[in-house]
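The lines below spell out each chain.
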Amino acid sequence: MTGWLLLALLVGFVLPVQTGINAQLRTHLGNPLIAALVSFGVGTLALAAAALAARTPMPAAVDAARANWWQWTGGVFGAFYIAATVVLAPRLGAALLVVAIVAGQLAASLAVDHFGWIGYPTHPLNFWRIVGAACVAVGVILIQRF
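Conventions we followed
Residues numbered from 1 in each chain as written. Predicted model: local features only at pLDDT ≥ 70, side-chain atom pairs only at ≥ 80, totals over all residues. Heavy atoms only, no water. Axes fitted to C-alpha atoms, helices over the stretch in contact; angles between N-to-C directions. Helix = DSSP H or I, 4+ residues; strand = E, 2+ residues; numbered from the N terminus. Parallel < 35°, antiparallel > 145°, perpendicular 65-115°, else oblique. Contact = heavy atoms within 4.5 Å. Nonpolar A, V, L, I, M, F, W, Y, C, P; charged D, E, K, R; others polar. Expected span 1.5 Å × (residues − 1). Buried < 20%, exposed > 50% of the residue type's maximum accessible area, 1.4 Å probe, protein only. Arc of directions from axis to C-beta. Salt bridge = Lys/Arg side-chain N within 4 Å of Asp/Glu carboxyl O.

Undergrad: For the packing of helix 1 (residues 2-29) against helix 4 (residues 74-92), give the residues involved together with the corresponding values.
TA: Packed helices, taken two at a time, are described by the angle their axes make and the gap between the axes. For the pair helix 1 and helix 4, interaxial distance at closest approach is 8 Å and the crossing angle is 80 degrees. Between helix 1 and helix 4, the interaxial angle falls into the category roughly perpendicular. Only Tyr81, Ile82, Thr85, Val86, Val87, Ala89, Pro90 and Arg91 of helix 4 make contact with helix 1, whose side of the interface consists of Leu15, Gln18, Thr19, Asn22, Ala23 and Arg26. Classifying every residue of the contact of helix 1 with helix 4 gives eight nonpolar, four polar and two charged.

Here it is, written out as structure tokens:
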């Protein structure tokens, strides 16, 4: 479990770095959508190279066709995230942007866990989870004000 938590911390560490890089790219490209498109394009090339290097086989078309329509929408959410952070980063700063995103992720995660949506195991909402979410909400307020 420790290794997975460390990996999650690393992912958390690189997100504001990625956002800052994309926001700087926007200043040179002139448009947040173009900056997000370039970011996705470079990411797609990196993933393609990693898949080729790992010799990952492509799924059969019949297997891909079995996916529900909504299972194909993850990229849309990713594109929204990247484009929104490119716009928000220079306006909110790294700390407020990240804590606000984390608060939104936590609110959605509590609902997803409670109801067991989209394949997650059910983890009912309880007093301590609400207290934890309230602490994050207080963090948003403190970072925004100070």
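Undergrad: Explain helix 2 (residues 32-53) residue by residue, including any values.
TA: Over its 22 residues, helix 2 runs 31 Å from end to end, which matches the ideal 32 Å to within 8%, given 1.5 Å per residue. Within helix 2, burial applies to Pro32, Ala35, Ala36 and Ser39. Looking straight down helix 2, one finds its buried side chains confined to an arc of 95 degrees; they lie on one side. Opposite the buried face of helix 2, by more than 90 degrees, sit the exposed residues Leu33, Leu37, Leu45 and Leu52.

Undergrad: With reference to specific residues and values, describe helix 1.
TA: Helix length check: helix 1, at 28 residues, gives a terminal C-alpha distance of 40 Å against a target of 40 Å (1.5 Å per residue), a fit within 8%. Listing the buried residues of helix 1 in full gives Thr19, Asn22 and Ala23. Where the residues of helix 1 are buried, they touch helix 2, helix 4 and helix 5 (94-115). Phi turns positive, to about 85 degrees, at Gly30, one or two residues after helix 1.

Undergrad: Please set out the pattern of salt bridges residue by residue, giving values where relevant.
TA: Inspection of the entire model under this criterion finds two salt bridges. Residues Arg66 and Asp63 are paired through a salt bridge, measuring 2.9 Å at the closest nitrogen-oxygen approach. Judged by relative accessible area, Arg66 falls into the exposed class, the value being 59%. Residue class for Asp63 comes out partly exposed when judged on its relative accessible area of 40%. Note that Asp113 and Arg129 form a salt bridge whose closest N and O atoms lie 3.2 Å from each other.

Undergrad: So, unusual backbone geometry: which residues are in play, and what are the values?
TA: The phi dihedral of Arg55 is positive, around 55 degrees, even though this residue is not glycine. Along the polypeptide, Arg55 turns up in the loop between helix 2 and helix 3 (61-65). Take Arg55: its relative accessible area is 75%, and that puts it in the exposed class. Despite not being glycine, Ile118 shows a phi value in the positive range, around 45 degrees. Ile118 gets classed as exposed once you look at its relative accessible area, which sits at 58%.

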